[in-house]
Amino acid sequence: MAGKPPTGDPVQDAPDVAAPQHAAAGLPAIAHTLRIAQKQMGVRRTALTLLKVNQKDGFDCPGCAWPEPDKRHAAEFCENGAKAVAEEATLRRVTPDFFAAHPVADLATRSGYWLGQQGRLTHPMYLAEGAETYEPVTWERAFDLIAEELHALTSPDEALFYTSGRTSNEAAFLYQLFAREFGTNNLPDCSNMCHESSGSALTDTIGVGKGSVLLEDLYQADLIIVAGQNPGTNHPRMLSALEKAKAGGTKIITVNPLPEAGMERFKNPQNPRGLAGGGTPLTDLFLQIRLGGDQALFRTLGRLVLETEGAVDTDFVREHTHGFEEYERTARAADWDETLRATGLRREEIEEALRMVLASRRTVVCWAMGLTQHKHAVPTIKEVVNLLLLRGDIGRPGAGVCPVRGHSNVQGDRTMGIFERPSAAFLDALEKEFGFAPPREHGLDVVRAIRALRDGDAKVFFAMGGNFVAASPDTDVTEAAMRRARLTVHVSTKLNRSHVITGARALILPTLGRTERDRQSGGDQFVTVEDSMGMVHASRGRLEPASPQLLSEPAIVCRLARRVLGTASTTPWEEFEKDYGTIRDRVSRVVPGFEDFNARVARPGGFTLPHAPRDERRFPTATGKANFTAAPVEYPKAPEGRLLLQTLRSHDQYNTTIYGLDDRYRGIKNGRRVVLVHPDDAHALGLADGTYADLVSEWTDGTERRAPGFRVVHYPTAPGCAAAYYPETNVLVPLDHTADTSNTPASKSLVVRLEQADPA
């Protein structure tokens, strides 16, 4: 029956394991989608809701940020998107009675999966200091409590304002405006933990910290390189775009330590061939790279291009780039032996990749967390840019850089000013528009925010969405840091672990989801989002809210700002809450590219933000040109008897949200505590398939970080490498083990030892 949550926390330590699959989607994806949706929403609600996902007159999927084509299918969603919608539009409810029956100490023993399955939050809830249970609280009292703690701070910089990637453009703009009017740039966000490395690398090299391609460029490309990314699980709608590209003759190279079913073969559930036939093979060349070897691979490809007569686009290099001579000297010195050690590849495989690069007149490189979450992530992505610059493949149709973002509006949040290191130009525009002097000192990112909480330098933590505790590294350190706060506040749709790891006092503020109608005193409202390729479009929910007590995110920010800032603020917060169009009017005067925002977003499908390298071959860097770089090649190394571990998602997961306990494509069922190890490595360590082991990470600080009780699965990963799911393995990621420059947690290159454990 729809609406009934699970009654007990399922056992997760005895997973069933079968052989991994070699194709993604197809009939099983349809069956699983409908089963999950009907279980959460019922038959009628499922039909009404899913047919509005990603439609021009509907709502944006709360899952990934993959763009929609202009001509859309009636079912413009993927399996994981349907799961995200089902969990938001669920008929299950978490009421005050639920909290009365479940003390926080009890909830803290539950899995993240169980917490999320309980349903939608219905009332603002307050955990008083020393209390054992959350109790309902009025919105007015909740805002009073927050104001009380904020006003008690000795400095605005003792407050942290975190944002997840599902926050709309309108809410994000208001949120950063409130934080800066309060007096701080402490605006850590989920970008700090995922694509911060991409933004850092691209800003330095091409002058814009976003991808340079549109969806149409993928269809026009001769070659697409997909590196460090698993579209079949994390961005399934990307598979449709790759299938269309293949139909036009595009070749695809996949670079990944793990073979992924979606990149092997795609059975498109929206056409007969995908349902009844064998589907479409996507990958032409699979480079099973050792973890962290990507910089060495792209450096050597660059060397080989330099050594091939006529392969360099000399006109582009001369007219549009800077630093070529230093790069050329460094690249020509790339050592084959070092490259083979770093990558684990054979020379013939790299030479085959070179032939495909040379045969391509238009190349796109896509990547995700497999590139961004290493200590040397920023120079790795710069090396990708180097290869494209050599070939003139930025600012050309069918070519460019394509960092594939995760959460649906994580890119838009950054565009709206959710950034701890804002540019002077952005702050100048805010000051001119709103008449206050925003703080100029840089704020704290995620890692620095955790340190500040740990050290007592931050006392109030406010989260606009997300599951900060589960998403962050070094779980024990993060949880201890959160407990030192005076007040923790979470604006949420569902229950998660961050609600049970609290400061001295805690608030849960329930908010509208993407699927729900947003009625304000000025009438029905819509919000906007920006996808992974810089397209901005409207999102309109249709369902009745899960509870009359819910407030929208913009309304929460506006009411909070009025209570905290009082009459000292001349910002029209009441007007913003009443009519979101007035927010967009202000955005149009502050954020470049959003001129005439309201009129342009009213058009079906929205509009494309300008991108100087793509649109004009103009590179707004310090040199005025695209910059070649020549950093030393780095790659992680594991001592004898140790493995390199990457954290990753299962197929029944999106970020920290766990939809189920299966990973269908990898052959894992009914469990998450598994570690995937190459059979040769497992035999060398004396670990038979099906035995259990504790994972222990080793780092320079000498602290033991242990994740106990993982079933060893012999799996065809790259030799010397292993993989396990997060957030269960976030405990292994040292807080200070981060990428240079971007400070992103280096979750993809952990040195671990496996200690055999008792299955009991």
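Up top is the structure.
Residues numbered from 1 in each chain as written. Predicted model: local features only at pLDDT ≥ 70, side-chain atom pairs only at ≥ 80, totals over all residues. Heavy atoms only, no water.

A.B. asks: Would you take a moment to explain the packing of aromatic side chains for this structure?
C.D. replies: Here the distance between the centres and the angle between the planes together describe a pair of aromatic rings. Within the structure shown, the criterion is met by 21 aromatic pairs. Both rings, one in Tyr175 and one in Phe462, keep their centres 5.9 Å apart while their planes meet at 45°; by these two values the pair is tilted. One end of the pair, Tyr175, is in helix H8 (residues 169-182); the other, Phe462, is in strand E16 (residues 460-464), and 287 residues separate them in sequence. Owing to a relative accessible area of 1%, Tyr175 belongs among the buried residues under this scheme. Owing to a relative accessible area of 2%, Phe462 belongs among the buried residues under this scheme. Centre to centre, the rings of Phe597 and Phe607 are 6.0 Å apart; their planes meet at 85°, and the pair counts as edge-to-face. Within this pair, whereas Phe597 is found in helix H30 (residues 597-601), its partner Phe607 is found in strand E23 (residues 607-608), the two being separated by 10 residues in sequence. (Phe/Tyr/Trp six-rings, centres within 6.5 Å; stacked < 30°, edge-to-face > 60°. Helix = DSSP H or I, 4+ residues; strand = E, 2+ residues; numbered from the N terminus. Buried < 20%, exposed > 50% of the residue type's maximum accessible area, 1.4 Å probe, protein only.)

A.B. asks: What's the story with the sheet that holds strand E30 (residues 692-697) in this structure? I'm lost.
C.D. replies: Hydrogen bonds between backbone groups are what pair the strands of a sheet, and the pairing can be parallel or antiparallel. Here 6 strands make up a closed barrel; going around it, the order is E25-E32-E29-E31-E30-E33 and the pairing mixed. Averaged over all adjacent pairs, the angle separating strand axes in this sheet is 45°, with direction ignored. Sheet topology places strand E29 (residues 674-677) next to strand E31 (residues 705-714); 4 bridges connect them, and they run parallel. Looking at E31, one finds that Val675 is bridged to Val712. (Pairing = 2+ DSSP bridges. Axes fitted to C-alpha atoms, helices over the stretch in contact; angles between N-to-C directions.)

A.B. asks: Help me understand helix H12 (residues 237-247) in this model?
C.D. replies: Residues spaced three or four apart along an α-helix point in a common direction, a consequence of the helix completing one turn every 3.6 residues. Across the 11 residues that make up H12, a large majority, 8, are buried. Among the residues of H12, Arg237, Met238, Leu239, Ala241, Leu242, Glu243, Ala245 and Lys246 are the ones counted as buried. One or two positions beyond H12, positive phi appears at Gly249, with a value near 105°.

A.B. asks: Sorry if this is basic, but what is going on with the environment of His442 here?
C.D. replies: For His442, the position within the fold is in the loop between helix H23 (424-434) and helix H24 (446-454). For the pair His442 and Lys246, spaced 196 residues apart in the sequence, the C-alpha separation amounts to 45 Å. If we skip the residues at most four places from it in the chain, His442 touches Asn185, Glu420, Arg421 and Pro422. (Contact = heavy atoms within 4.5 Å.)

Function-wise, these values are silent; they only describe arrangement.
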